[in-house]
Amino acid sequence: MIKAGLSKVALNNLDSGSRYFQIKAAFIEHPLWSLSFVMLALYFIFAPSSAYAMPGIPAFTIETDAQGNQDFTLTMQILLLMTGLTLLPAALIATTSFLRIIIVLALLRQALGTMQTPSNQVLIGLALFLTLFIMAPVFDKIYDTAVSPYLEEQIKFKEAVEIGAKPMHEFMLQQTREDDLGMFAEMADVTLQDPESVPFKVLIPAYMTSELKTAFQIGFMLFIPFLIIDLVVSSLLMSMGMMMLSPMIISLPFKLMLFVLIDGWALVVGTLANSFVVPGGI
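Here's what I pulled together on the structure shown here. Only a predicted model underlies this, so the values are computations on that prediction, with no experimental measurement involved.

The full count for this structure, using the stated rule, is four aromatic pairs. Both rings, one in Phe171 and one in Tyr207, keep their centres 6.4 Å apart while their planes meet at 55°; by these two values the pair is tilted. Of the two residues, Phe171 sits in helix H8 (residues 157-175) while Tyr207 sits in helix H10 (residues 200-239), which places them 36 residues apart along the sequence. Taking the relative accessible area as the measure of exposure, Phe171 reaches 0% and is therefore buried. Taking the centre distance of 6.1 Å and the plane angle of 50° together, the rings of Phe226 and Phe259 count as tilted. Placement of the pair is Phe226 in helix H10 and Phe259 in helix H11 (residues 247-261), with a sequence separation of 33 residues.

Now the structure itself:
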């Protein structure tokens, strides 16, 4: 009985194996498979030998001119540019007026007590375009002195980067406090001779620290009038015995009315724009 069972299993395996070879033969005999095989064979037979030895794009080469100046090839410059684009959000926050603006707008929304209105997208959009407006003289100077001469092949890539960094360096230095610069220079063991000699590794953290301090100072001034309204409404509700009613619900319409009557958005945006010292003026 066991032998009969084993023989049945062997027959089933034999049948499945034969079906596998039948399917494989049918697939190989398919006209599309045959046509693909023939075209591949013809390509390897008639393809020129030079196609197998085509030189690739050089990954990293340096060109030296008659004066001895060195410059990267175009492929390397494109690679550096694409790598720099990934760092663009960090550069936007760390080197422009965006940091102060977005923090002040976020504190203003919190002072109004409107929760998520305006939304984060609205605040970021307003902060971004206000940053472009404030930084326009700096960006124009970078384009005129660095980008445009480089595109016209008047200067090399390295020289364009050095020239383009000077307007940003000057703008950041104008907003940075001396105490913050001294603190980071001492931690980095760097001796500061003059403002132009401040390295970016010291200037960027000092600039961000100063921007955070300035943004919180402006936010404190924005909180005071709305805090007074909250205190007055809370005192009135306590005196009327309405302790279960949230003061924020009652004070919100009054804060919105006050903010609209004094044209608050224009005041805040105008104050933020004028709080920056921009070389060349806004």
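This is not the end of the story, as more comes after the structure.
Relative to the elements of secondary structure, Phe223 occurs in helix H10. If sequence neighbours within four positions are ignored, Phe223 has contacts with Leu107, Gln110 and Ala111.

With that settled, the discussion passes to the side chain of Lys255. Tracing the backbone shows Lys255 in helix H11. Classification of Lys255 as buried rests on a relative accessible area of 2%. At a separation of 3.4 Å, a polar atom in the side chain of Lys255 contacts the side chain of Asp230.

Quick look at the packing of helix H4 (residues 88-95) against H10 now. One can describe the packing of H4 onto H10 by two numbers: an axis separation of 9 Å at closest approach and a directional angle of 65°. Contacts from Ile93, Ala94 and Thr95 in H4 reach Ile204, Tyr207 and Met208 in H10. Taken together, the residues of the contact of H4 with H10 sort by class into five nonpolar, one polar and no charged.

How each quantity is defined
- Residues numbered from 1 in each chain as written.
- Predicted model: local features only at pLDDT ≥ 70, side-chain atom pairs only at ≥ 80, totals over all residues.
- Heavy atoms only, no water.
- Phe/Tyr/Trp six-rings, centres within 6.5 Å; stacked < 30°, edge-to-face > 60°.
- Helix = DSSP H or I, 4+ residues; strand = E, 2+ residues; numbered from the N terminus.
- Buried < 20%, exposed > 50% of the residue type's maximum accessible area, 1.4 Å probe, protein only.
- Contact = heavy atoms within 4.5 Å.
- Polar contact = N/O pair within 3.5 Å; in protein donor to acceptor, adjacent residues only side chain to side chain.
- Axes fitted to C-alpha atoms, helices over the stretch in contact; angles between N-to-C directions.
- Nonpolar A, V, L, I, M, F, W, Y, C, P; charged D, E, K, R; others polar.

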